[in-house]
Amino acid sequence: GAAVRITQSTRPALLSFITRRRYALAIDAISLERQQEIVAALRMYQKDKVAVPWFEMVLRFRISQVAMEQALAADNARLQKRIEQSARATQLADRAYNEQRGRCDWESIARDMDMPLIECLRLFDPSLSTVPVRSLHNITDWSAEYLSTLKSFVTEHFSAATVNEWRLVGVYMNVEHNDCSMAYSICTFPRITPDLYKAITQHRNDGLKWKDIFEKYPIFGTLKLFYNAYYRSKESSGSKPKAPHIKWSDADTCKIKELVQTYYKPGNRRELLIQAQKAFPNRSKGSIRGRIGQTKDKVMVITNDDMDCVNKLVDVYGKDWERIGHEIDGTARRAQRIWSRHQERQNATLAWTDDELDTLRKCIRDGVGMAEASRLIGTKSW
């Protein structure tokens, strides 16, 4: 039908009609997801300190103002209850802290609050707590009892712990969550870390038996695995140390550049590598090869300006490559390479003649390869 004009005078009546006929819903009839959406919208207005446009909110959510106010009040009550529970859980944790064990008895806290253990850990507020959090960065800082508690707790409550779940593990163990993750990783995939190797060696020097050392660090399944892992680590630690890295000076780089320009041949760097090893006898073959690769990529790049410059010099001096190489601050070999690249570019951009097209069609028909077809045509590169 006809459009209805909504004015300031008719808005209250329309709102009253909407409330009575279509949107008079009680808070119990609103789904939890819908309540959260409504509360989030209302809190945005509260955050900006702006009056809530109830008329627009009613039209948007099709729920009465009273029902939305009830949803907001219910959420405020939930938040207040959460704050009170968090304060209580933190106070109980302070009381249940055992200085000798270094952590709280969270099982008793969960019983006192009559809540699941994980929920109690989520309620804990470290900013309000007086419990000192410990740092156990090395695996040797963890006792056998602590490692066993950590492994059993993570296995029981988390199949694949996320970052937030590792924070809960840190609260339970009263240890920084990154240290908990490190220790659990070593327990799950046992390995001899440098600090563990050093501690085991010290115990052996002090005369402790392998059985006693194994009881201190029960991260391996059996004593034999622990023993073998230590000696494998010992063999790797006794390997020959790497030679110290020697930086390449500007003079060395210039020398490599000269060698590349003089001896480099595409597809064959053997002669260049031999000459470079003679020039730098104190450097390793791998270091020289890597430097040649870096320098070659910079030196041997042929730009359009290089090709245009060599083309002009050929017009002046002919194919006197020594003279042209001197003019471009390079070698005769490089000047010749730039001229060849220029010729390839020129041939590639020239229009195809009928004879060239016939030759190409014949090559395609006979199954001739691209390189051979280019040779047969003579004026085009592949």
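Residues numbered from 1 in each chain as written. Predicted model: local features only at pLDDT ≥ 70, side-chain atom pairs only at ≥ 80, totals over all residues. Heavy atoms only, no water.

> Residues and numbers for the pattern of salt bridges, please.
Applying the stated criterion to the full structure yields nine salt bridges. Residue Arg-78 is joined to Asp-75 by a salt bridge in which the shortest nitrogen-to-oxygen separation is 2.9 Å. A residue pair is termed a helical-turn pair when its members lie 3 or 4 positions apart in one helix, as Arg-78 and Asp-75 do in helix α4 (residues 65-95) at three residues. Given the relative accessible area of 47%, Arg-78 is considered partly exposed. Taking relative accessible area as the criterion, Asp-75 reaches 15% and is therefore assigned buried. The salt bridge partner of Arg-122 is Glu-119, with a shortest N-O separation of 3.7 Å. One end of the pair, Arg-122, and the other, Glu-119, are both in helix α6 (residues 117-123), three residues apart, so they sit about a helical turn from each other. Here the salt bridges share partners, and the residues they tie into one network are Arg-43, Asp-75 and Arg-78. (Salt bridge = Lys/Arg side-chain N within 4 Å of Asp/Glu carboxyl O. Helix = DSSP H or I, 4+ residues; strand = E, 2+ residues; numbered from the N terminus. Buried < 20%, exposed > 50% of the residue type's maximum accessible area, 1.4 Å probe, protein only.)

> Which residues make up helix α8 (residues 163-173), and what values do they have?
Within α8 the residues assigned to the buried category are Trp-166, Leu-168, Val-169, Gly-170, Tyr-172 and Met-173. On its buried face, α8 is in contact with β2 (103-104), α5 (106-113), α6, α7 (144-157) and α9 (177-188). Remark: Asn-174 follows α8 within two positions and exhibits a positive phi of approximately 60°. (Contact = heavy atoms within 4.5 Å.)

> Any details on the nonpolar core? Residues and values, ideally.
Judged by nonpolar contacts, the single largest core of 50 residues is most densely connected at Trp-106, Trp-142, Leu-150, Phe-153, Val-169 and Met-173. Membership of the second largest hydrophobic core comes to 12 residues, among which are Ala-41, Leu-42, Val-58 and Ala-71. (Core = buried A, V, L, I, M, F, W, Y, C linked by side-chain atoms within 4.5 Å.)

> Explain the packing of aromatic side chains to me, and be specific about the residues and the numbers.
All chains considered together, the criterion is met by 11 aromatic pairs. For the pair Trp-210 and Tyr-230, a centre-to-centre distance of 5.3 Å together with 65° between the ring planes defines the contact as edge-to-face. A residue pair is termed long-range when its members are at least 10 positions apart, and Trp-210 in helix α11 (residues 210-216) and Tyr-230 in helix α12 (residues 223-237) qualify at 20 residues. Judged on exposure class, the residue Trp-210 and its partner Tyr-230 are both buried. With centroids separated by 6.4 Å and ring planes inclined at 45°, the aromatic side chains of Trp-321 and Trp-339 adopt a geometry described as tilted. Of this pair, Trp-321 sits in helix α17 (residues 321-327) while Trp-339 is found in helix α18 (residues 332-349), placing the two residues 18 residues apart along the sequence. Of the two residues, Trp-321 and Trp-339, both sit in the buried class. Through pairs of rings, three or more aromatic residues link up here, namely Tyr-197, Trp-210, Phe-214, Phe-226 and Tyr-230. Its guanidinium or amino end placed over the ring of Trp-248, Arg-283 lies 3.9 Å from that ring's centre, counting from NZ or CZ. (Phe/Tyr/Trp six-rings, centres within 6.5 Å; stacked < 30°, edge-to-face > 60°. Lys NZ or Arg CZ within 6 Å of the ring centre and 35° of its normal.)

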